[in-house]
Amino acid sequence: MEIHPKITPIYQTSVFKFEDLNELELYFGEPGSRYLYSRNGNPNSDELAEAVNRLEGGAGAIATGSGMAAIFAALLACCRAGDHVLCAADIYGGSSSLLNNELSRMGISVTYVPFEQLYDLRQFVQPTTRLLLAETMSNPLLRVADLRRLAAECHQLGLKLVVDNTFATPVITQPLALGVDIVLHSVTKYIAGHSDVTAGAVVASDAETAARLKQIGVLYGLTLSPMESWLAMRGLKTLRLRMREHSHNALAVAEFLREQTGVRAVYYPGLPDHPQHALAREQGKELFGGMMSVLLAGDEAVVNRFMQRSKRFPFAPSLAGVDSSLSYPLGTSHRYLTPEQQADLGITIGLVRLSVGIEPIEELLADLQQALADE
């Protein structure tokens, strides 16, 4: 009996069988025609990688065990010992920790570039500089990079541009179409979307880099497991619908919060007074995502009270699930920066990051109103 499943089954196996030596030789002689060992590739992780690759318009991709593994693979695809990289200063704290604490041990050095100087990189470039690592929307202050301009600047200087597109997703922005060389995702966040998967993905604009990513994934053991791949693929199928609802709800929340007396500032690119609002509108197909940061008027006790009173925004140091949540960058993602670095980036005591979910918007607004109330 032939079986034709509509959904790819979970290939929960670590190894695949061969009939004989002839079939083994075909595996090595015709790459991609068969599977050998799940670290080298499996149908589920390949399906996810190809789905993200199509969404980003790339030449090839790999699915990894986490977003951090994706960043690691992207950097190693371009760098070796003795090389130097540039990194946007206001980037996810885990990315800077990887560069500072681990890649430095491999002989790769880093210079951090303030957001205001990203389009004038010549002063930071060294003879061994290979790339710039940046984010489509920065974490946590939602600064929006002009990717077309940034790519032109990098390529003029002979650099690759590597962009973390986690906050935007390819539904909002497709960095490769704007000249970016490598785009990566923490699939854990919006692509999987349900807070039940840890995964990453890296997409290359050219076949040579895609092949190098595949090699790194296999040799470093970064390949995503079949079960995680299957779950992430299931989540990806509703990505377009979810991103529209995330964006709709987040804009309503941002407009509400900016009118509250207990809020000093709201950082959301969908607001007309955001410094990069016009760019975000053009680059993001008039969707602005579900992430924002809010500066509360008060000290740590005020932040604690807000967290304790909120019911629809539980304190969970991650983001992007269908359920709303909040995080505290000073104590989580950017905890290991120096006080001077935190201050320079605007990561202060009152700053709270909101991940706005897809719940009924009236329920979210009512919860925020009571959480911010004076009594």
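Residues numbered from 1 in each chain as written. Predicted model: local features only at pLDDT ≥ 70, side-chain atom pairs only at ≥ 80, totals over all residues. Heavy atoms only, no water.

Caption draft 1: Quick look at the pattern of salt bridges. Under the counting rule described, the total for this entry stands at 9 salt bridges. Across the pair Arg-143 and Asp-90 runs a salt bridge, and its minimum N-O distance is 3.3 Å. With Arg-143 in the loop between strand S4 (129-135) and helix H5 (147-156) and Asp-90 in the loop between strand S2 (84-88) and helix H4 (93-102), this pair connects stretches of sequence that are 53 residues apart. Among the residues examined, Arg-143 registers a relative accessible area of 22% and is labelled partly exposed. On the basis of relative accessible area, Asp-90 is assigned to the buried category, the value being 8%. Several salt bridges share partner residues, and in doing so they unite Asp-90, Glu-116 and Arg-143 into one network. (Salt bridge = Lys/Arg side-chain N within 4 Å of Asp/Glu carboxyl O. Helix = DSSP H or I, 4+ residues; strand = E, 2+ residues; numbered from the N terminus. Buried < 20%, exposed > 50% of the residue type's maximum accessible area, 1.4 Å probe, protein only.)

Caption draft 2: Molecular detail of the nonpolar core. Within the largest apolar cluster, 91 residues are counted, with the highest numbers of intra-cluster contacts made by Leu-257, Met-292 and Leu-354. Considering each element in turn, this core owes the most residues, 7 residues, to helix H9 (residues 239-257). Apart from the residues lying within four places of it in its own chain, the contact partners of Leu-354 are Val-253, Leu-257, Gly-290, Met-291, Met-292, Val-294, Phe-313, Ser-325 and Leu-326. Counting residues in each nonpolar core, the second largest holds 30 residues, with Ala-70, Phe-72, Cys-79 and Leu-184 among its members. (Core = buried A, V, L, I, M, F, W, Y, C linked by side-chain atoms within 4.5 Å. Contact = heavy atoms within 4.5 Å.)

Caption draft 3: A look at the sheet that holds S4. Read from one edge of the open sheet, 7 strands run S1-S7-S6-S5-S4-S2-S3, paired in mixed fashion. Two strands bound the open sheet, and with one partner strand each, they are strand S1 (60-64) and strand S3 (109-113). The average angle at which neighbouring strand axes cross in this sheet is 20 degrees, direction not considered. Sheet topology places S2 next to S3; 5 bridges connect them, and they run parallel. For Leu-86, the partnering residue across the bridge sits in S3 and is Thr-111. (Pairing = 2+ DSSP bridges. Axes fitted to C-alpha atoms, helices over the stretch in contact; angles between N-to-C directions.)

Caption draft 4: Examining the domain arrangement of the chain more closely. Here the domain parsing of the chain yields domain 1 (21-234) and domain 2 (238-372). The C-alpha-based centres of domain 1 and domain 2 are spaced at 25 Å. Across the boundary between the two partners, domain 1 contributes 38 residues, which contact 37 residues of domain 2. It is Val-171, Ile-172 and Tyr-190 that lose the most area in domain 1 upon contact with domain 2, and together they represent 25% of the buried surface on that side. (Domains from an automatic or database assignment. Buried area = accessible area lost by both parts, 1.4 Å probe.)

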